[in-house]
Number of protein chains: 2
Amino acid sequence: MARYIAPSTRQAVRAVLFDVFGTVVDWRTGIASAVASFADRHRLTLDPEAFADAWRSQYQPSMERVRSGMRPYVSLDLLHRENLDPVLREQGVDPAAIPPGELAALADAWHFLPPWPDSVAGILALKRDFIVGPLSNGNTALLVDMAKGAGLGWDVILGSDVSRAYKPSPDAYLAPVGLLGLEPGEVMLVAAHNADLASARKVGLATGYVPRRAELGPHQHRNLAPTADWDVLAESITDLAGRLAPTPE
Amino acid sequence: MARYIAPSTRQAVRAVLFDVFGTVVDWRTGIASAVASFADRHRLTLDPEAFADAWRSQYQPSMERVRSGMRPYVSLDLLHRENLDPVLREQGVDPAAIPPGELAALADAWHFLPPWPDSVAGILALKRDFIVGPLSNGNTALLVDMAKGAGLGWDVILGSDVSRAYKPSPDAYLAPVGLLGLEPGEVMLVAAHNADLASARKVGLATGYVPRRAELGPHQHRNLAPTADWDVLAESITDLAGRLAPTPE
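Residues numbered from 1 in each chain as written. Chains lettered and ligands numbered in written order. Predicted model: local features only at pLDDT ≥ 70, side-chain atom pairs only at ≥ 80, totals over all residues.

When helices and strands are tallied, chain A shows 12 helices and 5 strands. Its C-alpha atoms give chain A principal-axis dimensions of roughly 65 × 35 × 30 Å. Within the span of chain A, comprising 249 residues, buried residues form 47% of the whole. Expressed as a percentage of contacts within chain A between residues at least 6 apart in sequence, the contacts between residues at least 24 apart total 63%. (Helix = DSSP H or I, 4+ residues; strand = E, 2+ residues; numbered from the N terminus. Buried ≥ 20, exposed ≤ 12 C-beta atoms within 10 Å, placed from the backbone. Contact = placed C-beta atoms within 7 Å.)

Printed below as a string of structure tokens:
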């Protein structure tokens, strides 16, 4: 992969904001592990990875109903909880047979996902020179729990319930930019997903790509490489921090 | 001063949010120092402390115009900048004679105020067991700059431009509570100002008082002591952290 950062980008950027699910945390491993404990406790036979994938496959369609205006904004917490029921049914489990508190606790697993090995150190390194924060479809409470659980040293957390918009809606990118008192070009979105970066660039944000080649498991075939000339291409968040660090005069 | 914390309060509270101007940072010293440099650079004769007091005296009336509905929400950054002009005129300085960039830079001093000696350590100590953040009339960009400048280790920053309400309006307290996914009783406001605590208690928040007896300078006569039975009475933020720390079983 080419490694390049335009000198002008480094100078302009004041805040580095991150896609979270997949880019900062390993949602598939975290959810599979929560599903495995849940199955164990309820003596159910479930394939934890397949369950995690099925749950995540509801993510975009459920947000699309909000983005398209079919329903008003509701939090990702609510969507995760709602989406759990059809996934359980697909696996032959009647959600009505499980105590509601247990289902809520399982949905809460999205608050406590493990970071990729370079995330904590990379964010801390960037924090020296930039404002760091998530730019995620997660709601604020989810992102706060995740940060405290995983030790993510964000400066500021503005969830999708602040912008009341889900990516890739323009407001999802522009509301946090406005609240930070910055211009779009002063904010970089870092993501492992080319489509997210394309939407951020369309509304004027700078873009940084890091690959997460195991996000979707061993057979991942999407987002293995950058598909456009993003402003920064890095191998990890620590690598990205090194590329963005001010060079001594 | 009595030192007491009800055991039930300690158990219920999950987030400790702070009034900022006066409680966490020493705005009077910070603004006076910025005014002194400004006066020096422009060869003006100004009394820096009196100037800081005059500027701050515009704070409540200018927010009241928003609270009362006389004008829509505008950020504290804008109010600070607007309020600077009459203060300069009072001191015999024509604001039109000063380059606008210089006036903006002076108003920006509200972003970079010095913390009281116990603030940084006290917030860090609380961060181990609680969500910590500001609950301030400052806008998000101001609070982010202040946190990075002063080293305040907030978990989350939700400025008044997120709630679009100024304290003591109920929404100013309840909007951050809702975004954190908490009930009012799970959030404690810490403040050096009895009136702020009274408003927070009215909408169900827990309350913690720390005195800042030099906030208004050597002749302060307000807020020298608690005027009600706030849930926690402490001498400083580090003292408060000790009182709220979970006791080992």
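This brings us to the domain arrangement of chain A. Residues and elements named next belong to chain A. Splitting chain A by domain gives domain 1 (7-26 + 113-244) and domain 2 (27-111). In this structure, domain 1 and domain 2 have C-alpha centres spaced 24 Å apart. Mapped onto the side of domain 1 that touches domain 2, the elements with two or more residues apiece are α8 (140-150) and α9 (160-163). Residue contributions to the side of domain 1 that touches domain 2 peak at 4 residues, all from α8. Per-class residue counts for the side of domain 1 that touches domain 2 are 9 nonpolar, 7 polar and 5 charged. (Domains from an automatic or database assignment. Nonpolar A, V, L, I, M, F, W, Y, C, P; charged D, E, K, R; others polar.)

Right, let's talk about the confidence of the model for chain A for a bit. Chain-level pLDDT for chain A is 94 on average; 95% of the residues reach the 70-or-more range. ipTM for the predicted complex: 0.92, alongside a pTM of 0.94. (pLDDT = per-residue confidence, 0-100.)

Looking now at the nonpolar core. Counting residues in each nonpolar core, the largest one holds 151 residues, and the members touching the most others are Val16 and Leu189 of chain A together with Val16, Met188 and Leu189 of chain B. Those residues in contact with Leu189 of chain B, other than ones at most four positions away along the chain, are Leu17, Asp19, Leu135, Tyr173, Asp196, Leu197, Ala200, Leu205 and Thr207 of chain B. (Core = buried A, V, L, I, M, F, W, Y, C linked by C-beta atoms within 7 Å.)

Tallying the contact residues gives 14 residues for chain A and 14 residues for chain B. Among the secondary structure elements, those contributing two or more residues to the side of chain A that touches chain B are α8 and α9 of chain A. Top contributing element to the side of chain A that touches chain B by residue count: α8 of chain A, with 5 residues. Each residue belonging to the side of chain A that touches chain B can be placed in one class, and the counts come to 9 nonpolar, 2 polar and 3 charged.

With that settled, consider the packing of helix α2 (residues 27-41) of chain B against helix α3 (residues 48-57) of chain B. All names here are of chain B. The contact between α2 and α3 brings their axes to 8 Å, and the two run at 120 degrees. Comparing their axes, α3 and α2 come out oblique. The two elements α2 and α3 meet at a crossing, and its hand is right-handed. Residue-level contacts link Trp27, Arg28, Ile31, Ala32, Val35 and Ala36 of α2 to Pro48, Glu49, Phe51, Ala52, Trp55 and Arg56 of α3. Per-class residue counts for the contact of α2 with α3 are 9 nonpolar, no polar and 3 charged. (Axes fitted to C-alpha atoms, helices over the stretch in contact; angles between N-to-C directions. Parallel < 35°, antiparallel > 145°, perpendicular 65-115°, else oblique. Left-handed = near helix turned anticlockwise from the far one by under 90°.)

Residues and elements named next belong to chain A. Their axes nearest at 9 Å, the elements helix α3 (residues 48-57) and helix α5 (residues 76-90) cross at an angle of 135 degrees. Between α3 and α5, the crossing angle belongs to the class labelled oblique. Handedness of the crossing formed by α3 with α5: right-handed. Contacts from Phe51, Ala54 and Trp55 of α3 reach α5 at Asn83, Leu84, Val87 and Glu90. Its residues placed into classes, the contact of α3 with α5 shows 5 nonpolar, 1 polar and 1 charged.

In summary, the two copies of the chain are related to each other by a rotation about an axis coupled with a shift along it. For the pair chain A and chain B, the best superposition has an RMSD of 0.0 Å and corresponds to a rotation of 180 degrees with a translation of 0.0 Å parallel to the axis. Given the turn and translation reported, the copies of this chain are related as if by a two-fold rotation axis. Of every C-alpha in chain A, the one belonging to Val156 of chain A sits nearest the axis of rotation, 2.6 Å from it. Taken together, the interface assignments show that 100% of the residues at the interface of chain A recur at the interface of chain B, consistent with an identical surface on both copies. (Least-squares fit on C-alpha atoms with pLDDT ≥ 70 in both.)

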